[in-house]
Amino acid sequence: MQEDILNTKNQALAQLMSAESVNELEQIRIDYFGRSGKFTNLIKDIKKAPPEERKHIGQTLNEAKKSIETLLEGQKNSFKEVAREWFDPTIPGEKPDVGHIHLITLTIEKISEIFTRIGFERARYPEVESDYFAFEALNMPKNHPARDEWETFFVDVPENPKSGKTVLTPHTSSGQVREMLRVGKPPVRMINIAKCYRRQSDISHVPMFHQFEGLVIDKGISIVNLKGTLDYFAKAFFGKDRVTRLRPYHFQFTEPSFEIDISCGVCGGKGCKVCKAGWLELGGAGMVHPNVLKAGRVDPKIYSGFAFGWGVERVLMMREGLGIPDVRMIYSTDLRYLSQF
Ligand code: FA5
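All figures in this text were calculated on a predicted structure; none of them were measured in a lab. (Residues numbered from 1 in each chain as written. Predicted model: local features only at pLDDT ≥ 70, side-chain atom pairs only at ≥ 80, totals over all residues. Heavy atoms only, no water.)

A. Molecular detail of the pattern of salt bridges. Inspection of the entire model under this criterion finds 14 salt bridges. Residue D231 pairs with K227 through a salt bridge whose shortest N-O separation is 2.9 Å. Of this pair, D231 and K227 both sit in helix α9 (residues 223-238), 4 residues apart, which is roughly one turn of that helix. D231 sits in the buried class, given a relative accessible area of 16%. One salt-bridge network, in which partners are shared between bridges, spans R245, R247, D261 and E281. (Salt bridge = Lys/Arg side-chain N within 4 Å of Asp/Glu carboxyl O. Helix = DSSP H or I, 4+ residues; strand = E, 2+ residues; numbered from the N terminus. Buried < 20%, exposed > 50% of the residue type's maximum accessible area, 1.4 Å probe, protein only.)

B. Representation of the domain arrangement of the protein chain within the structure. Here the domain parsing of the protein chain yields domain 1 (2-84) and domain 2 (103-338). One C-alpha centre belongs to domain 1, the other to domain 2; they are set 89 Å apart. (Domains from an automatic or database assignment.)

C. Examining the packing of helix α1 (residues 2-18) against helix α2 (residues 22-33) more closely. One can describe the packing of α1 onto α2 by two numbers: an axis separation of 9 Å at closest approach and a directional angle of 170 degrees. Considering the angle they form, α1 stands roughly antiparallel to α2. Of α2, the residues touching α1 (which contributes T8, Q11, A12, Q15, L16 and S18) are E24, L25, I28 and Y32. Each residue belonging to the contact of α1 with α2 can be placed in one class, and the counts come to 5 nonpolar, 4 polar and 1 charged. (Axes fitted to C-alpha atoms, helices over the stretch in contact; angles between N-to-C directions. Parallel < 35°, antiparallel > 145°, perpendicular 65-115°, else oblique. Contact = heavy atoms within 4.5 Å. Nonpolar A, V, L, I, M, F, W, Y, C, P; charged D, E, K, R; others polar.)

Structural data, given as structure tokens:
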């Protein structure tokens, strides 16, 4: 029986040495230590041996069994260790998602760059504004019906005796008088790009949007300067073949006032499905009203100026090839849409 024990131990050893996985080791364990495993059977056989030999056989068997069990356990652990630490450097890494600057921010940067190139200075004025700068200083007397046109958000704070109610600024024109007061003495060359708020939401309106407001005040500024600036912007932003035209309009704070159209980029101004008559509406502009100059402590007898105010979202949507059918999509949080740009 001593020989059987030795043979079983050697067999087990050989199998353990050539095992390549935890599963194989488990099978070895079952084969030798399971209910009818080889060592288990040898234990059962001890009682068949002559009584005087049993003690010695038992000791040998125990030692053999123990050494195999220890080895088996060690092998199992070393397999687990290798599995945990194993690293394949050839597997491609996980790419982290890369974001990009939002369309509107990119457009604001572009607009800002176009105007600063010709001497405009970037300005920013409060989004939470007083009625005075948003309306009153812009030649809109209290209770003037024009104030309703802007569908303004009023902030629920006590009215200031001097500057009136508090509003979320409905247009960047509220920066006009502020800029005149800041500069003190013309020339003024401001490009104010900021958030504006109105109670509107449809295919071409959002409650929070951006406008860019140009204001130029100096001696001898005329409509010619306005037209030249608008054409310069149209070419720089939309393409060199584009031109603008002025259509008479009405704003309280400019006189004369205009709506600005830009020649259609799809048909080149001939008339198509996109534009209908060759022109697309861009936004408002005009010569600064003398009362507004006075509110900014600028003498209208010496100085004159022009102003324009357009929607950032509008000019972005008008740029060819972008195909944004609804302004609200610009502010959707759907990455499938936003990541296209
Ligand atoms: C004004 O806001 C005048 N302050 C513009 C102006 C400035 C005229 C200086 C003369 C001199 P209007 O309400 O038309 O004008 O708005 C100008 C542009 O802002 C619109 O053409 C449109 O492009 C954009 N806009 C207005 N409301 C919204 C809105 N709810 N959502 C998105 N864009 C808007």
